[in-house]
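Breakdown of the fold
What follows is the residue order along each chain.
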Amino acid sequence: MSYDIATKCIHLEGACKGSIYGAVSFPIFQTATFAHPGVGQSTGYDYSRLQNPTREQLERIVASLENGCDALAYSSGMAAIAAVMELFAPGDHLIVEEDLYGGSVRLFQNVSQKNGLTFTCADISQENIEAYITPDTKAVFIETPTNPMMHVVDIAKLAQITKAHGLLLIVDNTFLSPYLQNPLDLGADLVIHSGTKYLGGHNDTLAGFVVTGSEELSEKLRFLIKTTGSMLSPFDSWLLIRGIQTLSVRMKAAQDNAYQIAWWLTKQKHVKKVFYPGLPSHPGHEIMKKQSRGFGAMVSFEVDSQEYACSILQKVKLIQYAESLGGTETLITYPITQTHADVPKELLEKNGITGGLLRLSAGIEDAEDLIADLSQAME
Ligand SMILES: *Cc1c(COP(=O)(O)O)cnc(C)c1O
């Protein structure tokens, strides 16, 4: 019998977590190294850069949530993405979604390119990527829905193309979390998470994950993580285990709030456009109904002017003006100067990231309180 995902957030199938003195909470093995029972012998644990029981417990949980064969826990989402880029060699070419998290764009343009990788940016939700494939192309990197414009990519359809051409399909699944979407089941090869967001869920810990669909990729990434040392600490691993326990209740509550806020925003006179895939008018609505179990808790919206957008940021009281997302608190951010500050101006314009665009991460407060706060800020 296989557990439902809400159960899997709390109980690891097949594991006896109470085996250590019957502890219900998995212990934090706060140790850098492990003593050997004898010469040439090992308990299976030698040094925490290589193995740590708390981190391994977390990795098994995340692998089980994403139906992956393995998961690796990193010190941040960016550390996870940087590790994935180490799978490639100078001369390799990647096709990447043009509306990505700004930190990913900064990594590709300033670090990966210097290391000899080349990139083509495309609106993968609309364009046929086959036109961009060259003999050097090795992978396609997407988010869906994208950050912050909420473009939706049909993962299964894209996976058919990447498989036919022998390319890796890498999906940053941060925005929906494994509770709402499992890209490996749709044909992706690697799934990335910023665990800082929904998995951790409390805006208090940085973490990142790569979940693999094959042993081969897992082996390569295991070699890289022990060599470069970008893994998650035992204590932060424990915080993530704790955060994940409430993933299902938090996602449901946050999504419900996002839905109500999105509808409310569509009726405000200074709001020009609301980008939320849960609205039936959203171009990605039908695809998401097919590939996801919900529409998530992120809402972007465009208001009349830059001045008005800034005045909303000044006036919100309950909602905090901060970057990041996926926590219990509702946050609002200004992509053009915050999350996407390092994205080139032409790309910002092309993607419609204007001075009037705001991005809201719905938390799990009371929906009416949130709408009342937005209402007073938008007067
Ligand atoms: C935040 C974020 C990242 C980066 O993760 P960190 O934990 O901040 O390093 C990557 N991708 C997406 C979609 C994100 O929202």
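Worth saying up front: this structure is predicted, and the values here are computed from it rather than measured.

Cut-off values and rules
Residues numbered from 1 in each chain as written. Predicted model: local features only at pLDDT ≥ 70, side-chain atom pairs only at ≥ 80, totals over all residues. Heavy atoms only, no water. Near = heavy atom within 4 Å. Polar contact = N/O pair within 3.5 Å; in protein donor to acceptor, adjacent residues only side chain to side chain. Areas by Shrake-Rupley, 256 points an atom, 1.4 Å probe, with all protein chains shown as cover. Helix = DSSP H or I, 4+ residues; strand = E, 2+ residues; numbered from the N terminus. Nonpolar A, V, L, I, M, F, W, Y, C, P; charged D, E, K, R; others polar. Domains from an automatic or database assignment. Contact = heavy atoms within 4.5 Å. Buried area = accessible area lost by both parts, 1.4 Å probe. Salt bridge = Lys/Arg side-chain N within 4 Å of Asp/Glu carboxyl O. Phe/Tyr/Trp six-rings, centres within 6.5 Å; stacked < 30°, edge-to-face > 60°. Buried < 20%, exposed > 50% of the residue type's maximum accessible area, 1.4 Å probe, protein only. Pairing = 2+ DSSP bridges. Axes fitted to C-alpha atoms, helices over the stretch in contact; angles between N-to-C directions.

This part takes up the site of the ligand. Of all residues adjacent to the ligand, which total 13 residues, the nearest are M78, D172, S194, T196 and K197. The backbone of G77 places a nitrogen or oxygen atom 2.9 Å from an oxygen atom of the ligand. Considering the ligand on its own, with 380 Å² of exposed area, one finds that the protein chains cover 93% of that surface. If you tally residues by element for the shell around the ligand, the top one is helix α3 (residues 77-85), at three residues. Counted by class, the shell around the ligand contains five nonpolar, five polar and three charged residues.

Quick look at the domain arrangement of the chain now. For the chain, the domain assignment lists domain 1 (5-244) and domain 2 (247-377). Taken together, the contacts link 43 residues of domain 1 with 44 residues of domain 2. Across the interface of domain 1 and domain 2, roughly 3,600 Å² is buried in total on both sides, 58% from carbon and sulfur atoms. In terms of surface lost to domain 2, no three residues of domain 1 exceed M149, L180 and Y198, which account for 21% of the buried area on that side. Inspection of the domain 1/domain 2 interface yields three salt bridges. With its nearest N and O atoms 2.6 Å apart, the salt bridge here joins E98 to K350.

Attention now goes to unusual backbone geometry. Residue P145 is bonded to the preceding T144 through a cis peptide linkage, with omega at -5°. Topologically, P145 is positioned in the loop between β4 (137-143) and α5 (155-164). Here N203, not a glycine, exhibits a phi torsion of approximately 50°, which is positive. Mapped onto the elements, N203 comes out in the loop between β6 (190-194) and β7 (208-212).

Here we take up the packing of aromatic side chains. Counted under the stated rule, the structure contains six aromatic pairs. An angle of 40° between the planes, with centres 5.5 Å apart, marks the rings of F34 and Y45 as tilted. Of this pair, F34 sits in the loop between α1 (5-8) and α2 (53-65) while Y45 sits in the loop between α1 and α2, placing them 11 residues apart in sequence. A residue is classified by how much of its surface remains accessible, and Y45, at 22% relative accessible area, is partly exposed.

Read across the sheet, five strands follow the order β8-β9-β12-β11-β10 without closing on themselves; strand pairing throughout is mixed. Of all the strands in the sheet, just β8 (271-275) and β10 (320-321) have a single pairing partner and so form its edges. The sheet contact formed by β10 and strand β11 (residues 331-333) spans two bridges and is parallel. Among the inter-strand pairings, Q320 is bridged to a residue of β11, identified as L331. Taken strand by strand, helix α9 (residues 247-266) contacts β8, β9 (298-303) and β12 (357-361), and its axis lies near 15° from that of β9.

Within a regular beta strand, the side chains point alternately toward one face of the sheet and then the other, so they alternate between its two faces. The buried count for β12 comes to five of five residues, which makes it a mostly enclosed element. Because side chains alternate across β12, one face comprises the buried residues L357, R359 and S361, and the other comprises L358 and L360, equally buried. As paired elements, β9 and β12 share five bridges and run antiparallel to each other. Note that in β12 the partner of F301 across the bridge is L358. As judged from the three bridges shared by β11 and β12, these two strands associate in the antiparallel manner.

What follows concerns the sheet that holds strand β3 (residues 118-122). Across the sheet, which stays open at both edges, the seven strands sit in the order β1-β7-β6-β5-β4-β2-β3 with mixed pairing between neighbours. On the outer flanks of this sheet lie β1 (70-74) and β3, each paired with one strand and no other. Along the sheet, successive strands turn relative to each other by an average axial angle of 20°, direction set aside. As paired strands, strand β2 (residues 93-97) and β4 are joined by four bridges and run parallel to one another. Its bridge partner being in β4, H93 is matched across the sheet by T137. Seen against the sheet, α2 touches β1 and β7 and runs at an angle of roughly 125° to β1.

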